[in-house]
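Each chain, written out:
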Amino acid sequence: MSSAVPLPRPRTAIVVVAAGSGTRLGVPRPKAFVGIDEHTVLHHALQGVFAAPYAQVVVVAPEAHVGDALTEIEETAGGRREIASVVAGGRTRQASVSAGLAAVWPDVEFVLVHDAARALTPPAVFVRVIAELESGRGAVLPVLPVVDTLKRIEADAVIDALDRDGVAAAQTPQGFRRDILQTAYTAASADHTDDAALVQAAGHTVWTVAGDERAFKITTPADLERARSLITPDAPEAAAPALPPPSSRVGIGTDVHAFGGEGALWLAGLEWPGEPALHGHSDGDAVAHAIVDAVLAAAGLGDIGTHFGTDHPEYAGAHADVFLRRTAALAGAAGYTIANVSVQVQTIRPRFAARRQEAEAVLSASLGAAVSVSATTTDGLGFTGSGEGVAAYAVALLVTR
Ligand code: CTP
Ligand code: MG
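Residues numbered from 1 in each chain as written. Chains lettered and ligands numbered in written order. Predicted model: local features only at pLDDT ≥ 70, side-chain atom pairs only at ≥ 80, totals over all residues. Heavy atoms only, no water.

A. Summary view of the overall build of the protein. In terms of helices and strands, the protein carries 13 helices and 16 strands. Scaling as 2.2 N^0.38, a compact globule of 401 residues should have a C-alpha radius of gyration of about 21 Å, whereas the protein reaches 38 Å, well beyond that. Once the C-alpha set of the protein is aligned to its principal axes, its extents read approximately 110 × 65 × 40 Å. Every one of the 401 residues in the protein was classed for burial, and the buried ones make up 45%. Contacts spanning at least 24 positions in sequence make up 73% of the contacts within the protein whose residues lie at least 6 apart. Surface exposure of the protein reaches about 19,500 Å², of which carbon and sulfur atoms provide 54%. Mean positive and mean negative side-chain charge positions of the protein (29 and 44 charges, respectively) differ by 9 Å. (Helix = DSSP H or I, 4+ residues; strand = E, 2+ residues; numbered from the N terminus. Rg over C-alpha atoms; globule rule 2.2 N^0.38 Å. Buried < 20%, exposed > 50% of the residue type's maximum accessible area, 1.4 Å probe, protein only. Contact = heavy atoms within 4.5 Å. Areas by Shrake-Rupley, 256 points an atom, 1.4 Å probe, with all protein chains shown as cover. Lys, Arg positive; Asp, Glu negative; His and termini not counted. Charge placed at Lys NZ, Arg CZ, Asp CG, Glu CD.)

B. Fine view of helix α5 (residues 178–187). Among the residues of α5, Arg178, Ile180, Leu181, Ala184 and Tyr185 are the ones counted as buried. All buried residues of α5 lie within an arc of 165 degrees about the axis, which places them on one face of the element. Summarising the geometry of α5, the exposed residues directed more than 90 degrees from the buried face are Thr183, Thr186 and Ala187. (Arc of directions from axis to C-beta.)

C. Quick peek at the packing of aromatic side chains. Counted under the stated rule, the structure contains four aromatic pairs. For the pair Trp272 and Phe352, a centre-to-centre distance of 5.1 Å together with 50 degrees between the ring planes defines the contact as tilted. Placement of the pair is Trp272 in strand β13 (residues 270–272) and Phe352 in the loop between β14 (336–346) and α12 (356–367), with a sequence separation of 80 residues. Per residue, the accessibility class of Trp272 equals that of Phe352, and both read buried. Arranged with centres 5.7 Å apart and planes meeting at 40 degrees, the rings of Tyr315 and Phe323 form a pair that is tilted. The exposure classification of Tyr315 matches that of Phe323, with both residues buried. Within the aromatic cluster, the residues linked to one another by ring pairs are Phe308, Tyr315 and Phe323. Above the plane of the ring of Trp105 lies Arg9, whose end atom (NZ or CZ) is 4.3 Å from the centre. The aromatic ring of Phe216 is capped on one face by Arg226, whose charged end is 3.9 Å from the ring centroid. (Phe/Tyr/Trp six-rings, centres within 6.5 Å; stacked < 30°, edge-to-face > 60°. Lys NZ or Arg CZ within 6 Å of the ring centre and 35° of its normal.)

Read these as layout, nothing more, since geometry by itself doesn't imply function.
Shown next, in the form of structure tokens:
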């Protein structure tokens, strides 16, 4: 209580009982101090508690672990540190709640009692319980519908089936008007399973609100496993290698071929009957070759000579389709997807306008990515302007993933 600006006095207190030994969990330390991940059961429970509406927090810990509980408060309370405290618990849960109640400040009106063992309880459950108390209800219990069929048994024989319809599973935080809980505790002679049962035995109506699947109580080793699986990512995801961040790369490619080849003209993946052929090792398709270079450059895979040079006789006379499919496969094997390619051809013949879209369709189909084709002339200048040959310029964009 040393802050210069004291926090306002809370209207509500949350008593977090964490003084049990965890017999059924079967570990040598008290259950609240068992790790779920790198944090303990109590640490997780307090994260929920301090994210709940503003309240005094009293942690009830085993005598020998009061200091550890204080450390957990330091790590989770944030700005609420000065309205949180720790007291030592008792032999039974009821005795522990009593000890916690004794530490609740006199002006507090509502008290919530919460099991630290329900470590993953969402703050929304606290919100619902407190809202009911503020609306005038004296005792509020979060419940979940029961999904299993219930049987009454004696020794190991079933003697009756219970109607599931009228049955609900009780959770915590259970909320009470402070005077009701206090009086019921003072009067209690028998040990009750929970605070709602004790208050009901004192003659009060207990009202229900929706609980939450995540408010389950860690009781057995299987429960602890469940908690672990809920707060750590799924095992297969965790085991998968981290993907590199998505990235993109561009590449540029150009090609030039002279007219003067044998047979028909092949350009931009199309055969052009009646046009003079281009000269080259393959079919001289400068458009296709520029695309190949652009994609290979973007993928960092060298250039057309590396993969399709004259030392590869299988490509002699090959058309665009062969080059582009192979190029796409190389880029894919290197981990890239071709986003798109833009290619421009400079030539005075053939005239592209009428077959531009056809060329785009053919090239795109072969490459497995969008290829846009444009054509231009050079106002009579240079080797393309004089009709000696064609030039093509391509840009490719590749992305990883
Ligand atoms: N609790 C407590 N003091 C006790 C017994 C229980 O504060 N003497 C608390 C536990 O720490 C737990 C909650 O009450 O947060 C619910 O009890 P339970 O799940 O039964 O915990 P344990 O009693 O610790 O476990 P077990 O019954 O298996 O020994
Ligand atoms: Mg117990």
